[in-house]
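# Survey of secondary and tertiary structure
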Amino acid sequence: MLFVVFIVFIYYYLHKRNLNVTFRPQETKARPFTIWSYDGKMVYERLIEALEDFDSKHVVGVGGYGTVYKAELSSKVFAVKKNHAQEDGEVQNLKCFENEIRALTEVRHQNIVKLYGFCSHSRHSFLVYEFLSGGSLRDVLNHMEQAVEFDWKKRMNTIKSIAKALSYMHHDFSQPIIHRDLSSNNILFDSDWVAHVFDFGTARLLKQDSSNWTSFAWTLSYIAPELGYKMEVNEKFDVYSFRVLTLEVMIGQHPGDLLTLLQDTKGISHTELLDQCLPPPVQQVAQQVEQVVEVAISCVQKSPKYRPSMKDITLDLSVETRAAKRNKIST
């Protein structure tokens, strides 16, 4: 018998695993699947029909553990991430599938992609999200016209949005959530250039009484150096990845060897860190750019304990904090 689960059944699925989840009906009234009276079978059939049984022409992205499709139903558009075929990686794929549901069920943040529901079945498993039409950060940076449109103001807002999302995940839950695979592929934009953190397949809920040892499962060029000598992961792992991602936004491409240069020298000209496809920032935006570069460099420490927290980073990037610092210096 087909086992299909959507929205309200997420609570039952997670409650069986003794997670602290509270279902609040008023929070789902505006969600599209409520229109169908939570009829999981009908939602499933309409999604399969809209995607023509997952025809490749509906594919909008491919990741390590799943393929993302664009589905249009009743004038609404959704992103559907279908798990890759479960062969040798069956256990890992299932774990990523459950991780994403666990991480996103309680999340309510404007800069984190919304999960609407999921389907679990021996034939295929998939998750249903809001569709973000702006594409990924990596695609934007690699497309000249979009990279130029992605001006300094938009880039500053993107970095602040990512910082706020990570601070929310790390500090606003009884069990902090670490993303563990933050990269430019996993930052998506809506039509208004608002950034959203995506793909929580490798996310983990940190437990205070656990060593949080884990298996290797990340995008290589964004991982923290401590992974070379220990597998213990905490929220400072995301801080390091945030630093790499911030420099990528500033430079217009992955920083590559510049990461080592920043670690081995006392400083580097900030002008060398700016994307040459854009004119130099001016006035207030220039001050923000300077602040962002300083914050990124502050996350460079090889030892996790010396990296700032995402809460501190978010405060450092705020207009109010910068103004207070300037006032303190002037007095």
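On a predicted model such as this, the values are computed, not experimentally measured, just so you know.

Read across the open sheet, the three strands follow the order β7-β9-β10; overall the sheet is antiparallel. Bordering the open sheet on either side are β7 (135-136) and β10 (195-197), each of which pairs with just one other strand. Of the pairings in the sheet, the one linking β7 to strand β9 (residues 187-189) comprises two bridges and is antiparallel in character. Along β9, the bridge assignment pairs Ser136 with Leu188.

Another point: the side chain of Asp238. For Asp238, the location among the structural elements is in helix α7 (residues 235-251). For the buried Asp238, no salt bridge exists, and the shortest N-O distance to an oppositely charged side chain is 7.5 Å, to Arg180. Of the polar contacts made by the side chain of Asp238, one reaches the side chain of His170; its length is 2.9 Å. Excluding its chain neighbours within four sequence positions, the residues that come into contact with Asp238 are Leu166, His170, Ile177, Ile178, His179, Arg180 and Leu182.

Membership of the largest hydrophobic core comes to 66 residues, with the highest contact counts inside it found for Phe242, Met250 and Ile313. Here this core gets 10 residues from one element, more than from any other, and that element is α7. Sequence-distant contacts of Phe242, defined by excluding residues within four places in its chain, comprise Ile159, Ile162, Ala163, Leu166, Leu182, Met310, Ile313 and Leu317. One finds Val43, Ala71, Phe78 and Tyr116 within the second-largest nonpolar core, a separate group that totals 15 residues.

On to the packing of helix α6 (residues 152-171) against helix α9 (residues 283-298), then. Two elements in contact, α6 and α9, have axes whose closest approach is 10 Å; the angle formed by their N-to-C orientations is 40°. If you check the angle between α6 and α9, you find them oblique. Here α6 runs over α9; the crossing is left-handed. Facing α6, whose interface residues are Trp152, Lys153, Met156, Ile159 and Lys160, α9 presents Val285, Gln288, Val289 and Val292.

Take the packing of α9 against helix α10 (residues 310-317) next. Between α9 and α10, the shortest axis-to-axis distance is 10 Å and the interhelical angle comes to 160°. Considering the angle they form, α9 stands roughly antiparallel to α10. Relative to α10, α9 is oriented so that their crossing is right-handed. Across the interface between the two elements, Gln291, Val292 and Val295 from α9 touch Ile313, Asp316 and Leu317 from α10.

Summed over all chains, the structure comprises seven aromatic pairs. Ring centres of Tyr129 and Phe198 lie 5.1 Å apart, and the angle between their planes is 70°; on these two criteria the pair is classed as edge-to-face. With a gap of 69 residues between them, Tyr129 in strand β6 (residues 126-130) and Phe198 in the loop between β10 and β11 (204-205) connect regions that are remote in the sequence. With respect to burial, Tyr129 and Phe198 carry one shared label: buried. Measuring from centroid to centroid gives 5.5 Å for Phe150 and Phe189, while their planes differ by 70°, and the two rings are edge-to-face. Residue Phe150 is located in the loop between α5 (144-149) and α6, and its partner Phe189 is located in strand β9; the two are separated by 39 residues in the primary sequence. Like Phe189, Phe150 is buried. Site record: aromatic cluster; members linked through ring pairs are Phe54, Tyr69 and Phe126.

Relative to the elements of secondary structure, His196 occurs in strand β10. Among the polar contacts made by the side chain of His196, one reaches the main-chain carbonyl oxygen of Gln110 at a distance of 3.2 Å. Polar contacts involving the side chain of His196 include one to the main-chain carbonyl oxygen of Val194, which spans 3.0 Å. Excluding its chain neighbours within four sequence positions, the residues that come into contact with His196 are Gln110, Asn111, Ile112, Val113, Glu130, Leu132, Asn186, Ile187, Leu188 and Asp190.

Conventions and cut-offs
Residues numbered from 1 in each chain as written. Predicted model: local features only at pLDDT ≥ 70, side-chain atom pairs only at ≥ 80, totals over all residues. Heavy atoms only, no water. Pairing = 2+ DSSP bridges. Helix = DSSP H or I, 4+ residues; strand = E, 2+ residues; numbered from the N terminus. Buried < 20%, exposed > 50% of the residue type's maximum accessible area, 1.4 Å probe, protein only. Lys, Arg positive; Asp, Glu negative; His and termini not counted. Salt bridge = Lys/Arg side-chain N within 4 Å of Asp/Glu carboxyl O. Polar contact = N/O pair within 3.5 Å; in protein donor to acceptor, adjacent residues only side chain to side chain. Contact = heavy atoms within 4.5 Å. Core = buried A, V, L, I, M, F, W, Y, C linked by side-chain atoms within 4.5 Å. Axes fitted to C-alpha atoms, helices over the stretch in contact; angles between N-to-C directions. Parallel < 35°, antiparallel > 145°, perpendicular 65-115°, else oblique. Left-handed = near helix turned anticlockwise from the far one by under 90°. Phe/Tyr/Trp six-rings, centres within 6.5 Å; stacked < 30°, edge-to-face > 60°.

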